[in-house]
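Coordinate inspection notes
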Amino acid sequence: MGKINPDKYDIQTCSVRSGQVRTPENENSEPIFLSSSFVFNDAAEAAARFAGDEPGNIYSRFTNPTVRTFEERLAAMEGGERCIGTSSGMSAIMTTCMSLLKAGDHIVSSKSIFGTTVSLFDNILSKFGLSTTFVALTDYEAWANAITPETRLLFLETPSNPLAEIADIKRLADLAHDNDCLLVVDNCFCTPALQLPFKLGADIVIHSATKYLDGQGRCIGGAIIGPEAIMNEEVFGFLRTAGPSMSPFNAWVFLKGLETLGIRMQAHCQNAQIVAEWLEGQKAVSKVHFPGLTSHPQHELSKTQQSGSGGIVSFELKGGRDAAWKLIDGTNVFSITANLGDVKSTITHPATTTHHRLSDEQRSEVGISEGLIRLSVGHESTDDLINDLETAIAGI
Ligand SMILES: *Cc1c(COP(=O)(O)O)cnc(C)c1O
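The shown structure was predicted, so the numbers you read here are calculated from the model rather than taken from an experiment. (Residues numbered from 1 in each chain as written. Predicted model: local features only at pLDDT ≥ 70, side-chain atom pairs only at ≥ 80, totals over all residues. Heavy atoms only, no water.)

**Some words on the site of the ligand**
In the vicinity of the ligand, the contacting residues are Ser-88, Gly-89, Met-90, Phe-114, Glu-157, Asp-186, Cys-188, Ser-208, Thr-210, Lys-211 and Gly-221. Interatomic distance of 2.6 Å between a side-chain N/O atom of Thr-210 and an oxygen atom of the ligand. Taken by itself the ligand offers 380 Å² of open surface, and the protein chains cover 92% of this. (Near = heavy atom within 4 Å. Polar contact = N/O pair within 3.5 Å; in protein donor to acceptor, adjacent residues only side chain to side chain. Areas by Shrake-Rupley, 256 points an atom, 1.4 Å probe, with all protein chains shown as cover.)

Pasting the structure below:
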């Protein structure tokens, strides 16, 4: 089969076809290679593989055919040169930092990022001499002022978790490049189906494959996509030595997930729009955070940068934590879980779950109030989801 690459084919075709290499069995669906190691025809071939003189598999900590199919497919969809699969979204971020930075280097990061990423930067990478300055996602002056001669990476998520704030990727890419820094975008909330950060100037794209790429809440995994000049030596070198590698079984699940990503994201966007508009009309709700609403501060930017608004809707209740917990406990259809990007709708209280490790001060700085609830809107009927929320609100 010829190479299905994004120069010639649409992203939707790449999502179904890229990266597949048929075995002599001529299977139509990609096989799972559950093999920890690979054999050589003779000792000389083994030596050539280990010396890097000859391409080919050695050991699944380094490369695995199923993982490679996933990597090539996701790289084609994002429009990046090379993708490396990792054991989780967090290990994708850890691998990016450990492979590209050294003691003394500095990161400027949005403060509105996944709570565990804040802990990784603040509590773990800091032990190895890496420092991080956190800035407000849309305060471009603060980003510029935070850059020092030691800064190597600018890191952000857009839309952010859980408030769906949107940053101008192009503007931050220009700032990064003017200062010899790399712009790293965690593209978890949009996926390549809705947003292509490389087209806007990003250097590295990160994924938690656990979320929309899987799409049905089954496996943990992650990915890093970037230019070969960075990925081949530094990032791959770290992965094969330190070992945060993706499981081939999980890679196969993500591969199947990518095949339906486009239509799933469309359904998530449509359903979330309906739920967000309904929530905006409720008396108990003081604010709804969703880029598809005209009340969203970056609604216009979202329309130029994203091809859809995504599936995450956050809203604030007037009654604080007490009301939020009562609403959550009063739902029946939503799953009470911190995961997102699933066909099953989920509901969570960020202040006491995903963001509980932040101090009260950090939480209030990023706008995560006690009355805030985050929904990941799935594929159930929106009538049923709205009825469920209506009953739960009435019970507060
Ligand atoms: C979940 C998540 C991560 C971490 O991914 P894991 O697969 O749970 O390790 C990173 N960034 C964002 C935006 C996430 O939602």
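**Overview of the layout of surface pockets**
In this model, the largest pocket occupies a volume close to 870 Å³. Together, 44 residues line the largest pocket, and Thr-63, Arg-68, Glu-71, Glu-72 and Arg-82 are the ones closest to its centre. Every element with two or more residues in the lining of the largest pocket is listed here: α2 (43–51), α3 (65–78), β1 (82–86) and α9 (228–242). Classifying every residue of the lining of the largest pocket by side-chain character gives 17 nonpolar, 15 polar and 12 charged. Space inside the second largest pocket adds up to approximately 210 Å³. As for the second largest pocket, its lining consists of 17 residues, of which Gly-89, Phe-114, Cys-188, Ser-208 and Lys-211 are closest to the centre. (1 Å grid on protein atoms, 1.4 Å probe; cavity = no way out; pocket = protein on both sides within 12 Å on 5 of 7 lines; lining within 4 Å. Points joined across faces, edges and corners; volume = space filled by probe spheres on them. Helix = DSSP H or I, 4+ residues; strand = E, 2+ residues; numbered from the N terminus. Nonpolar A, V, L, I, M, F, W, Y, C, P; charged D, E, K, R; others polar.)

**Digging into the domain arrangement of the protein**
When the parts come together, some accessible area is lost, and that loss is often what is quoted as the size of the interface. For the protein, the assigned domains read domain 1 (11–259) and domain 2 (266–394). Relative placement of domain 1 and domain 2: their C-alpha centres are 27 Å apart. Contacts between domain 1 and domain 2 engage 32 residues on the former and 34 residues on the latter. Carbon and sulfur atoms supply 57% of the area that domain 1 and domain 2 bury against each other, a total of about 2600 Å² over both sides. Broken down residue by residue, the surface that domain 1 buries against domain 2 is led by Leu-163, Ile-166 and Tyr-212, which jointly contribute 26%. There are one salt bridge connecting domain 1 and domain 2. Here Glu-365 makes a salt bridge to Lys-111, at a shortest N to O gap of 3.0 Å. There are 11 residue pairs in polar contact (both at pLDDT 80 or more) connecting domain 1 and domain 2. Secondary-structure elements contributing two or more residues to the side of domain 1 that touches domain 2 are α5 (115–124) and α8 (191–194). (Domains from an automatic or database assignment. Contact = heavy atoms within 4.5 Å. Buried area = accessible area lost by both parts, 1.4 Å probe. Salt bridge = Lys/Arg side-chain N within 4 Å of Asp/Glu carboxyl O.)

**Some points on the pairing of strand β3 (residues 131–135)**
Looking at chain direction, strand β2 (residues 106–110) and β3 are connected through five bridges and run parallel. Its bridge partner being in β3, Ser-109 is matched across the sheet by Phe-134. Regarding topology, α5 serves as the crossover connection from β2 to the parallel β3, and that connection is right-handed. (Pairing = 2+ DSSP bridges. Right-handed = clockwise from strand over helix to strand, strands pointing away.)

**Details of the state of the cysteines**
In this structure the tally under the stated criterion is zero disulfides. Not engaged in a disulfide, the cysteine Cys-83 finds its nearest cysteine sulfur in Cys-14; these two sulfurs lie 13 Å apart. There is no disulfide at Cys-97, and the cysteine sulfur nearest it, in Cys-181, is 13 Å away. Overall, Cys-97 belongs to the buried group, its relative accessible area being 2%. (Disulfide = S-S within 2.5 Å. Buried < 20%, exposed > 50% of the residue type's maximum accessible area, 1.4 Å probe, protein only.)

**Quick word on the packing of helix α4 (residues 89–100) against α5**
Orientation of α4 relative to α5, taken along the N-to-C sense of each, is 30°, at an axis distance of 10 Å. In this view, α4 runs roughly parallel relative to α5, as classed from their interaxial angle. Handedness of the crossing formed by α4 with α5: right-handed. Between α4 and α5, the residues in contact are Met-90, Ile-93, Met-94 and Cys-97 and Thr-116, Thr-117, Leu-120 and Phe-121, respectively. When grouped by side-chain class, the residues that make up the contact of α4 with α5 number six nonpolar, two polar and no charged. (Axes fitted to C-alpha atoms, helices over the stretch in contact; angles between N-to-C directions. Parallel < 35°, antiparallel > 145°, perpendicular 65-115°, else oblique. Left-handed = near helix turned anticlockwise from the far one by under 90°.)

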